[in-house]
Amino acid sequence: MIRSAIVTLEMIKIQHTIFALPFAFLAAVAAAWGIPDWRTIIWILVAMVGARSAAMAFNRLVDAEIDGRNPRTRGRALPAGLVSRRFVALFAIASSGLFLVAAWNLNRLAFLLAPVALAIILGYSYTKRFTSWSHLVLGLALAVAPVGAAIAVTGRFEHEIWFLAGAVLCWTAGFDILYSMQDVEFDRSEGLHSLPSRLGVGRALALSRVLHTATVGLLVAFGIAAELGWIYYAGVGAAAALLIWQQSLVSPDDLSKIDTAFFTANGILSIIVFVAGACDILRGAGGQL
């Protein structure tokens, strides 16, 4: 049981929760205009871990046979037989339950919308079977995080958070397009849908760059709507530089650095935007801690 749990946590890359978590916490700090109470922070963290764990476990379960046929992914835990389908299914159910419990402990609106969020983050796993725009659905799944975190704090929708959610959507879709370039030929042979397999690597790369340009624009729009200052915009500038670096690592003729572009750049970017935004808000709120 313990070994299966460890293998499953590695399989779902639990450490990559850091991609969306900083944006959720930035939304929470912005909604509270300061540090939310610790109870809310803890339940937001529990909700984020539960939601992402459920989504990734469900994705690995749904795609197990496809992963087994793909040379790049056949070494993953399920295709390699390192963990059973039953255990992963139970893990996904338990993680979904954890997410719902967290939403219940936040507020009424968070709990009412929790099934909608689950439908989005779990439903993404099927989209590659029928639409090339699955990258945007993945973006939507991560964009749920800041919206949900703001609702967790205030119990209502906050208009400025939609700009942050839009930035997360475009950022995620842009880097997912890059990541899916590794599987163009496999996707075509399997009848799976992605923008690189539909448009070709060159045009898909151009679209990824458009999406990342939109990301920066939406981060700026969030700063304006939330009345943030120079510290936040310095962070946005650093995020823009990271996106440029990420894009520079990938070309139609060289996909060898995609892992660096995907994991390193994205983890650093989300932390920088959170730290800059939170510092700016705390400065404006009189430095409350």
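Being a predicted model, the structure only gives us computed values, none of them experimental. (Residues numbered from 1 in each chain as written. Predicted model: local features only at pLDDT ≥ 70, side-chain atom pairs only at ≥ 80, totals over all residues. Heavy atoms only, no water.)

## With respect to the overall build of the chain
Next up, step 1: The number of helices and strands found in the chain is 13 helices and zero strands.
Next up, step 2: Each helix (α) and strand (β) of the chain, taken in turn from the N terminus, gives the series α-α-α-α-α-α-α-α-α-α-α-α-α.
Next up, step 3: Taken over C-alpha atoms, the radius of gyration comes to 19 Å for the chain, in line with the 19 Å a tight globule of 289 residues would show.
Next up, step 4: On the principal axes, the C-alpha backbone points of the chain span a range of 55 × 45 × 30 Å. (Helix = DSSP H or I, 4+ residues; strand = E, 2+ residues; numbered from the N terminus. Rg over C-alpha atoms; globule rule 2.2 N^0.38 Å.)

## Considering the environment of Arg209
Next up, step 1: Among the secondary structure elements, Arg209 is positioned in helix H11 (residues 201-225).
Next up, step 2: With a relative accessible area of 36%, Arg209 lands in the partly exposed category.
Next up, step 3: C-alpha separation for the pair Arg209 and Ile244, spaced 35 residues apart in sequence, amounts to 8.6 Å.
Next up, step 4: Once you skip the residues sitting within four places of it in the chain, Arg209 turns out to touch Gln247 and Val250. (Buried < 20%, exposed > 50% of the residue type's maximum accessible area, 1.4 Å probe, protein only. Contact = heavy atoms within 4.5 Å.)

## Remarks on the nonpolar core
For soluble globular proteins, nonpolar side chains are generally found buried alongside one another.
Next up, step 1: One finds Phe23, Ile44, Trp171, Leu219, Phe222, Leu269 and Val273 to be the most contacted residues of the largest nonpolar core, which totals 47 residues.
Next up, step 2: Broken down by secondary-structure element, the contributors of at least two residues to this core are helix H2 (21-32), helix H3 (38-62), helix H6 (108-127), helix H7 (134-154), helix H8 (161-180), H11, helix H12 (230-248) and helix H13 (258-284).
Next up, step 3: Looking at which element gives the most residues to this core, the answer is H2, with 10 residues.
Next up, step 4: Among residues more than four places away in sequence, those in contact with Val273 are Phe23, Leu26, Leu219, Tyr232 and Ala239. (Core = buried A, V, L, I, M, F, W, Y, C linked by side-chain atoms within 4.5 Å.)

## Overview of the packing of aromatic side chains
Next up, step 1: Under the definition given, this model contains eight aromatic pairs.
Next up, step 2: Aromatic pair Phe23 and Trp171: ring centres 5.1 Å apart, planes at 55°, arrangement tilted. Here Phe23 is found in helix H2, whereas its partner Trp171 is found in helix H8, with 148 residues between them in sequence.
Next up, step 3: An angle of 50° between the planes, with centres 6.5 Å apart, marks the rings of Phe25 and Phe274 as tilted. Here the residue Phe25 occupies a position in helix H2, and Phe274 occupies one in helix H13, the gap between them amounting to 249 residues. (Phe/Tyr/Trp six-rings, centres within 6.5 Å; stacked < 30°, edge-to-face > 60°.)

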